[in-house]
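Inside the fold
Here is how the chains run, residue by residue.
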Amino acid sequence: FENCINDSAVASFVLSFQAGVRGVEVEQRPPALSVQEGASSTLSCNFSSTARNVQWFRQNPGGGGLTRLFYIASGMQQDGRLACTLNTKDRHSSLHIRASRQEDAATYLCAVE
């Protein structure tokens with residue numbers, strides 16, 4: 001992932017997104033997102049069948065291990081600038097990042113069970 005500075009000298013960076021499931025079709029939006037520092041962003045995970053739970057993970061640029069951000073069975077959870085929702089009826093989960101920072105540049109993964 002490249003970090004770049006735009007004309008207004010505000011840092012921007014890329015969040016990318018992948019989904020992992022077993023036997024479930026998943027629509028993920030957006031697959032990659034360029035975000036300016038300080039802006040908010042939302043990653044969405046829609047799945048074809050009911051989920052018992054959803055886990056959101058983060059993988060830093062260059063690979064390495066996964067860090068679990070959330071394990072959620074329903075409703076909403078928040079941890080600092082990050083919030084996660086799961087609507088089992090609508091088969092949808094989202095990860096919201098508020099006041100994005102340069103260190104948020106990573107690959108985010110949605111795993112559905």
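Here's what I pulled together on the structure shown here. Fair warning: this is a prediction, and the values are worked out from it, not measured in the lab.

Glancing now at the overall build of the protein chain. Helices and strands together make up the secondary structure of the protein chain, namely zero helices and eleven strands. Shown N-terminal to C-terminal, the secondary structure of the protein chain runs as helices and strands in the order β-β-β-β-β-β-β-β-β-β-β. Residue burial in the protein chain is summarised as follows: out of 113 residues, 37% are buried. Here the analysis covers contacts within the protein chain between residues at least 6 apart in sequence; of these, 53% occur between residues at least 24 apart. By element, 46% of the accessible surface of the protein chain is carried by carbon and sulfur atoms, the whole surface being about 6300 Å².

It is worth spelling out the pairing of strand β11 (residues 107-112) at this point. Burial analysis of β11 places five of its six residues in the buried class, which makes it a mostly covered element. By the bridge criterion, six bridges tie strand β6 (residues 54-59) to β11 in an arrangement that is antiparallel. Paired with valine 54 across the two strands is valine 112, which belongs to β11.

This part is about the pattern of salt bridges. All chains considered together, the criterion is met by two salt bridges. When the shortest N-O distance is used, the salt bridge between arginine 81 and aspartate 104 registers 2.9 Å. Linking arginine 81 in the loop between β8 (75-79) and β9 (82-87) with aspartate 104 in the loop between β10 (92-97) and β11, this pair joins segments that are 23 residues apart in sequence. Exposure remark for arginine 81: the relative accessible area of 17% places this residue in the buried category. When the shortest N-O distance is used, the salt bridge between glutamate 103 and arginine 101 registers 3.9 Å. The exposure class of glutamate 103 is partly exposed, given its relative accessible area of 48%.

The rules behind the values
Residues numbered from 1 in each chain as written. Predicted model: local features only at pLDDT ≥ 70, side-chain atom pairs only at ≥ 80, totals over all residues. Heavy atoms only, no water. Helix = DSSP H or I, 4+ residues; strand = E, 2+ residues; numbered from the N terminus. Buried < 20%, exposed > 50% of the residue type's maximum accessible area, 1.4 Å probe, protein only. Contact = heavy atoms within 4.5 Å. Areas by Shrake-Rupley, 256 points an atom, 1.4 Å probe, with all protein chains shown as cover. Pairing = 2+ DSSP bridges. Salt bridge = Lys/Arg side-chain N within 4 Å of Asp/Glu carboxyl O.

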